Amino acid sequence: MTSKQVLAHLTGVFVPVVTPFNRRGDIDEPGFRSNIRRYVKAGFNGVLIAGSTGEGPYLAEGERLRLVELARPLIPAPQLLLVGTGVETTRQTIHLSKEAVKRGADLLLVLTPGYFKNRMDSAALTAHFSAVGDAVRRPVLIYSIPQFTGIHIDPVTIGRLSRHGNVAGLKESSGNMEFLREVLKKSKAGFRVLAGSALIMLDAFQAKAAGAVLGPANYIPDLCLEIYRLYRQGDLETARKLQQRIIP
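On a predicted model such as this, the values are computed, not experimentally measured, just so you know.

Caption draft 1: Summary view of the pattern of salt bridges. Within the structure shown, the criterion is met by 12 salt bridges. Salt bridges linked by common partners bring E29, R66, E69, E99, K102 and R103 together as one network.

And the structure:
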């Protein structure tokens, strides 16, 4: 698919798959393939590999890229393959992103760098994501998960980045609905915001988020998909009851 076609399908529910390992500590390739086949068959709009649920920060470069190679042949269009490629340096993020694209990534999920927190101001983050967006030929998604990184990228900065031609969206995993609404308000029309917390998924849909990337979709895929289906049909009462079921 072209980048334009990819963005047209960047909506709905996505599953951030786990990375299974065998007893030697190597990737369990048959297990990973089995999981991907299951999620494709379930009807998700796409899968994310090497995200937080997939232990992305602990994967070696070769492991991340091997996951892309394993997943790509199993995910038919228009289902999407999202790949976590964000690391601490801009240069290495660009390198990893380009290698993931070579292996078939549809979208690149780029984590906010967080080691030198006091230097990660709006100018630094704008420069980082703009450089990545300039360098790669697939859409880039900003990944905000401040409870892990300690970096709170503000809505104004996100709004500025939303006007970059290749920074296409945000995966927002803080679970803060007020923040998500403010991002939607500040961002350019068409900027895709994906909720990364199952606790707010229905509220995020109602706020006009494009979709959600849900860790619990690994083990309750049908329930997550049903909530989205009910939302699309306008049955918010039933969707809310199912949302309450998944919170515990």
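There is more to say, and it comes next.
Caption draft 2: Highlighting the side chain of H164. Tracing the backbone shows H164 in the loop between α7 (155-161) and β6 (167-172). With a relative accessible area of 18%, H164 lands in the buried category. Engagement of the side chain of H164 in a polar contact is seen with the backbone oxygen of S130, the distance being 3.4 Å. In this structure H164 touches S130, G133 and D134, once residues within four positions along its chain are discounted.

Caption draft 3: Representation of the pairing of β6 within the structure. Of all six residues in β6, six are buried, a share of seventy percent or more. With five bridges joining them, strand β5 (residues 140-144) and β6 adopt parallel strand pairing. Across the sheet, L141 pairs through a bridge with G169, a residue of β6. The sheet contact formed by β6 and strand β7 (residues 192-195) spans four bridges and is parallel. Note on β7: the bridge partner recorded for G169 is R192. Crossover β6 to β7 through helix α8 (residues 177-186) is right-handed.

Caption draft 4: Just the environment of Q5, in detail. The topology assignment puts Q5 in helix α1 (residues 3-8). When its relative accessible area of 40% is taken as the criterion, Q5 is described as partly exposed. Between the C-alpha atom of Q5 and that of P78, which follows or precedes it by 73 residues, the distance is 8.4 Å. Looking at Q5, its side chain comes within polar contact range of the main-chain nitrogen of T2, at 2.8 Å.

Caption draft 5: Structural detail: the packing of aromatic side chains. Enumeration over the complete set of coordinates arrives at five aromatic pairs. Measuring from centroid to centroid gives 4.9 Å for Y115 and F116, while their planes differ by 85°, and the two rings are edge-to-face. Accessibility assignment for this pair places Y115 and F116 in one class, exposed.

Caption draft 6: Inspection of the packing of helix α2 (residues 29-42) against helix α3 (residues 61-71) at higher detail. The N-to-C vectors of α2 and α3 enclose an angle of 50°; their axes lie 10 Å apart at closest approach. As summarised for this structure, α2 and α3 are arranged oblique, according to the angle between their axes. Our pair here, α2 against α3, has a crossing hand that is right-handed. In contact with E29, F32, R33 and I36 of α2, α3 contributes R66, L67, L70 and A71. Broken down by class, the residue content of the contact of α2 with α3 amounts to five nonpolar, no polar and three charged.

Cut-off values and rules
- Residues numbered from 1 in each chain as written.
- Predicted model: local features only at pLDDT ≥ 70, side-chain atom pairs only at ≥ 80, totals over all residues.
- Heavy atoms only, no water.
- Salt bridge = Lys/Arg side-chain N within 4 Å of Asp/Glu carboxyl O.
- Helix = DSSP H or I, 4+ residues; strand = E, 2+ residues; numbered from the N terminus.
- Buried < 20%, exposed > 50% of the residue type's maximum accessible area, 1.4 Å probe, protein only.
- Polar contact = N/O pair within 3.5 Å; in protein donor to acceptor, adjacent residues only side chain to side chain.
- Contact = heavy atoms within 4.5 Å.
- Pairing = 2+ DSSP bridges.
- Right-handed = clockwise from strand over helix to strand, strands pointing away.
- Phe/Tyr/Trp six-rings, centres within 6.5 Å; stacked < 30°, edge-to-face > 60°.
- Axes fitted to C-alpha atoms, helices over the stretch in contact; angles between N-to-C directions.
- Parallel < 35°, antiparallel > 145°, perpendicular 65-115°, else oblique.
- Left-handed = near helix turned anticlockwise from the far one by under 90°.
- Nonpolar A, V, L, I, M, F, W, Y, C, P; charged D, E, K, R; others polar.

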